[in-house]
Amino acid sequence: MKTTQLSMAAAITFAAATAASAQEACTSYTVQPGDSLSAIARTAYGNISFQQVWDANRTQIGSNPNSISVGMTLRLPCADGSLPGESPAVAAAPAPAPVAPASGPLNIRLVTGSDYPPFTEESMEGGGVFTQLVRAAADAVAPQAQTSVTFVNDWGSHMDVLLPSGAFDGTFPWVLPDCEAASLTDDMQARCDNYLFADPVYEIVTGLVTRADDVLATAASADAFRGKRVCVPEGYAAILLAGGGLTESDVTYVRPTNPSACFTELAAGNLDAVEMELSQAADIVGKLGLTDQITVNDQLTSISVLTVYVHKENPRADEILSTINSGIEAIRQNGKWFEVVQAGFAAYYAQ
């Protein structure tokens, strides 16, 4: 991580943040003392999800959303997805895709699932923000490759059955594991052993959510969670505490199929913490009306990458990944990546 100029407590919180001085969507804003991305987002857009401001200013902020400093000028996106002083985003011509090999046209069959809004949810427009990014990348490499996306809501079957059997070529969105880490959960080690990974598609912040009155809310070490009950929904990756040196024998992981169950059980005192991507967590906490009871541990957070997995035994695995990566690079270069992200989040929060 970069050296931080502002505390993570200010950058990511469910409690009411100190309002940044007058700022509005579709303007440029100079960071003031006491500002945070969540406070800026609350004032400009009416919600505490800082992701859209981070996405629009990645060049300045970098890969750590906590690294904002006084005097930095941020562009606050407009409702149509454009940035201040710019016309609405228009996609440039797609980059050339790799020529299909002699073995025939490349047909990439991808599988995802619902119940991970705003990233993947079949009822959302385009299947969610991440699904739209994958489809935009696929469009950028068509017609040399044709890509289909199918929703199978049994997340556990994706890597256990569907990809190993060859029913599908890839699955998304899954956290990119650090296969060089000294300590990995059994699940993450299995992913490293059996899967290949596309380039980063989208970066998220994963954190630990606790009850506001629990001493764990301010714990500065992963070791404080040794022996605790931590909720990680089925199909989600448990990475944060593992990265802090705890093994699966050190923590009792609870894995409900419905992410909302993590927070109702946490509020009821049946769990000690929830590990989850913080934009999704904030949304669920707000919908359940638990904002005053639940908070983020600002000392223990992790920036993770969401990407596409392909099984190592897929005979065209390298070709599939090369094609997906070409599409990802194309939409990052032509502006389509940000257009999709901004429009997708705007639609989600407008619901």
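What you see is a predicted model, and the numbers here were worked out from it, not measured in a lab.

Cut-offs applied
- Residues numbered from 1 in each chain as written.
- Predicted model: local features only at pLDDT ≥ 70, side-chain atom pairs only at ≥ 80, totals over all residues.
- Heavy atoms only, no water.
- 1 Å grid on protein atoms, 1.4 Å probe; cavity = no way out; pocket = protein on both sides within 12 Å on 5 of 7 lines; lining within 4 Å.
- Points joined across faces, edges and corners; volume = space filled by probe spheres on them.
- Helix = DSSP H or I, 4+ residues; strand = E, 2+ residues; numbered from the N terminus.
- pLDDT = per-residue confidence, 0-100.
- Contact = heavy atoms within 4.5 Å.
- Expected span 1.5 Å × (residues − 1).
- Buried < 20%, exposed > 50% of the residue type's maximum accessible area, 1.4 Å probe, protein only.

1. Some details on the layout of surface pockets
Next, step 1: One number sums up the size of the largest pocket: a volume of about 450 Å³.
Next, step 2: In this structure, the largest pocket is lined by 23 residues; those nearest its centre are D178, I239, G243, S302 and S304.
Next, step 3: If you list the elements that add at least two residues to the lining of the largest pocket, you get α8 (240-243) and β11 (294-311).
Next, step 4: Residue contributions to the lining of the largest pocket peak at 7 residues, all from β11.

2. Digging into the confidence of the model for the protein chain
Next, step 1: Within the protein chain, residue pLDDT values average 83, and 85% of them lie at 70 or more.
Next, step 2: Throughout residues 1-21 the model reports pLDDT below 50, and contacts reaching past four residues in sequence, or to other chains, amount to 64 contacts.
Next, step 3: Of the regions scoring below 50 in pLDDT, residues 89-100 engages in 21 contacts with residues more than four places distant in sequence or in other chains.

3. Some points on helix α11 (residues 317-333)
Next, step 1: Here α11 spans 24 Å end to end across 17 residues, near enough to the 24 Å set by a 1.5 Å rise per residue.
Next, step 2: Burial in α11 covers these residues: A317, I320, L321, T323, I324, N325, G327, I328, A330 and I331.
Next, step 3: Downstream of α11 by a residue or two, G335 has a phi angle that is positive, lying close to 90°.

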